[in-house]
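Per-entry structural report
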Amino acid sequence: MDTVLRVEDLHKSYPSRWGRPPRVALRGLELEVPRGGVVGLLGPNGAGKTTTLKAVMGLVRPDRGRISLFGSQGSDPRARSRVGFLPEQPYFELYLTPRKILRYYGRLSGMSEESIKARSAHLLNLVGLGEVGDLTMEKFSKGMLQRVGLAQALLAEPELLILDEPSTGLDPLGKIEVRDLLNDLRRSGVTVLLSSHQLSEIEEICDRVAVISEGRNVASGALDELLRSRDEFLVRLAAPPPAGREPDLPPPAAWADDRTGVVVPREALGTVLRRLLDAGLEVEGVGPRRMSLEEFFLERVGRSGGDGK
Ligand SMILES: Nc1ncnc2c1ncn2[C@@H]1O[C@H](COP(=O)(O)OP(=O)(O)OP(=O)(O)O)[C@@H](O)[C@H]1O
Ligand SMILES: [Mg+2]
């Protein structure tokens with residue numbers, strides 16, 4: 001597997017302030033981002049998502065651990081110049097216009113004036129700010145500022161795009177636009193690492209996920225594999241059983257909501273199949289049950305995860 005970013009055994013404590021004990025943010029965090037994938041860093045408030053992403057960008061100095069970017073040390077400026085970053089709270093001088101902001105960042109990354117001009121025009125349209133590119137940002141909404149942040153992150157055509165809560169402040173339409181944008185980027189070969197605590201966003205966009213809680217990994221891997229239950233099967237029927245012809249199921253086997261399937265623990269599979277067939281029902285298929293990400297998250301992280309911030 002061609003790995004774009006690898007984070008190993010990352011530890012970080014924030015020093016104590018005003019006599020409070022130090023805050024341990026990361027306790028051995030691991031992360032692997034393969035080329036071309038969209039990886040979600042998922043965790044409750046305070047889990048350590050922002051700290052991890054800032055450490056990768058060199059904005060936070062870890063106490064311990066290794067970060068490698070494109071096979072080089074994470075601190076290598078050449079490796080970092082191939083990364084675009086959208087911080088959790090993008091900060092811009094609001095008296096500037098989006099186009100000026102992009103010009104400023106373009107110069108910082110050594111782009112030519114022509115390419116800054118062409119790329120800015122393209123990106124402002126792409127993020128839906130084509131009409132307001134020359135207005136100062138004072139009256140911009142949170143969602144508009146987030147879009148400026150996205151355009152800035154994409155400016156230097158990064159190979160790896162790191163987004164800290166990209167949908168924050170966006171309305172439902174804006175969220176859909178971000179999802180479509182990330183899918184387009186994926187198709188063009190850009191690798192994406194995004195943090196989120198929105199399960200639906202991760203489930204829709206990401207093909208891999210690292211679930212973290214209290215600075216540690218709780219589960220990591222391909223979403224399809226993580227969500228495939230090892231202990232439960234779904235028996236699919238060609239049609240729901242006619243009323244009065246439903247066979248008794250040994251608990252905890254249970255009918256799926258639409259009654260065209262039965263969720264069965266591994267040990268009861270034989271019994272349930274026999275009862276369904278004996279009742280004259282047509283079994284269409286049997287496979288591992290796929291959990292929802294919400295179910296998986298609650299099972300692994302629980303309702304009490306995070307610091308409730
Ligand atoms: N600058 C800081 N000084 C002290 N403690 C901090 C600082 N930044 C983060 N922390 C603490 O470190 C832990 C991890 O915070 P972090 O911001 O990385 O979490 P997060 O997963 O991004 O949370 P959220 O979903 O709220 O954005 C939290 O307990 C937080 O209070
Ligand atoms: Mg955060």
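Note that the structure is predicted; figures quoted are calculated from it, not measured. (Residues numbered from 1 in each chain as written. Chains lettered and ligands numbered in written order. Predicted model: local features only at pLDDT ≥ 70, side-chain atom pairs only at ≥ 80, totals over all residues.)

Two elements in contact, helix α3 (residues 98-108) and helix α5 (residues 142-154), have axes whose closest approach is 10 Å; the angle formed by their N-to-C orientations is 30 degrees. The orientation of α3 relative to α5 falls into the category roughly parallel. Read as a crossing pair, α3 and α5 show a hand that is right-handed. Judged by residue contacts, Pro98, Ile101, Leu102 and Tyr105 of α3 engage Val148, Ala151 and Gln152 from α5. A breakdown of the residues in the contact of α3 with α5 according to their chemical character gives 6 nonpolar, 1 polar and no charged. (Axes fitted to C-alpha atoms, helices over the stretch in contact; angles between N-to-C directions. Helix = DSSP H or I, 4+ residues; strand = E, 2+ residues; numbered from the N terminus. Parallel < 35°, antiparallel > 145°, perpendicular 65-115°, else oblique. Left-handed = near helix turned anticlockwise from the far one by under 90°. Contact = placed C-beta atoms within 7 Å. Nonpolar A, V, L, I, M, F, W, Y, C, P; charged D, E, K, R; others polar.)

Before going further, it helps to spend a moment on the site of ligand 1. Taken together, 15 residues sit near ligand 1, with Tyr14, Ala25, Lys49, Thr50 and Thr51 positioned nearest. For the shell around ligand 1, the elements supplying multiple residues, two or more each, are β2 (23-34) and α1 (49-56). A per-element tally of the shell around ligand 1 places α1 first, with 3 residues. Among the residues forming the shell around ligand 1, the class breakdown is 3 nonpolar, 7 polar and 5 charged. (Near = placed C-beta within 6 Å.)

If you look at the biggest cluster of nonpolar residues, it comprises 60 residues, and the most contacted ones within it are Leu5, Ala151, Ile162, Leu193 and Val209. Counting residues in hydrophobic clusters, the runner-up holds 7 residues, among them Phe233, Val235, Val262 and Val272. (Core = buried A, V, L, I, M, F, W, Y, C linked by C-beta atoms within 7 Å. Buried ≥ 20, exposed ≤ 12 C-beta atoms within 10 Å, placed from the backbone.)

Looking at the assigned domains, one finds that the protein contains domain 1 (3-222) and domain 2 (226-294). Taking only C-alpha atoms into account, the centre of domain 1 sits 42 Å from that of domain 2. (Domains from an automatic or database assignment.)

Attention now moves to α3. For α3, every residue scored as buried is listed here: Pro98, Arg99, Ile101, Leu102 and Gly106. One side of α3 holds all its buried residues, which, seen down the axis, span an arc of 155 degrees. α3 presents Arg107 and Leu108 as exposed residues on the side facing more than 90 degrees away from its buried surface. Residues of α3 that are buried sit in contact with α4 (113-126) and α5. Where α3 ends, the next residue or the one after it, Gly110, has phi of about 75 degrees, a positive value. (Arc of directions from axis to C-beta.)

Our next topic: the packing of α3 against α4. Two numbers describe how α3 lies on α4: the axes approach to 10 Å, and their chain directions differ by 135 degrees. With respect to their mutual orientation, α3 and α4 come out oblique. Between α3 and α4 lies a crossing whose hand is right-handed. Contact with α3, carried on its side by Pro98, Arg99, Leu102, Arg103 and Gly106, involves Ile116, Ser120 and Leu124 of α4 and no other residues of that element.

As a further point, take the sheet that holds strand β10 (residues 216-222). Ordered by their spatial adjacency, 6 strands build an open sheet running β6-β7-β8-β3-β9-β10, and the pairing between neighbours is mixed. Unpaired on one side and paired on the other, β6 (83-86) and β10 mark the two borders of the sheet. With direction set aside, neighbouring strand axes in the sheet form an average angle of 15 degrees. In terms of strand pairing, β6 meets strand β7 (residues 160-164) through 4 bridges, oriented parallel. Across the sheet, the residue bridging to Gly84 is Leu161, located in β7. Sitting on the sheet, helix α6 (residues 172-187) touches β3 (38-42), β7 and β8 (191-196), and the angle it makes with β8 is about 150 degrees. Lying on the sheet, helix α10 (residues 293-301) is in contact with β9 (208-213) and β10; it crosses β9 at an angle near 35 degrees. (Pairing = 2+ DSSP bridges.)

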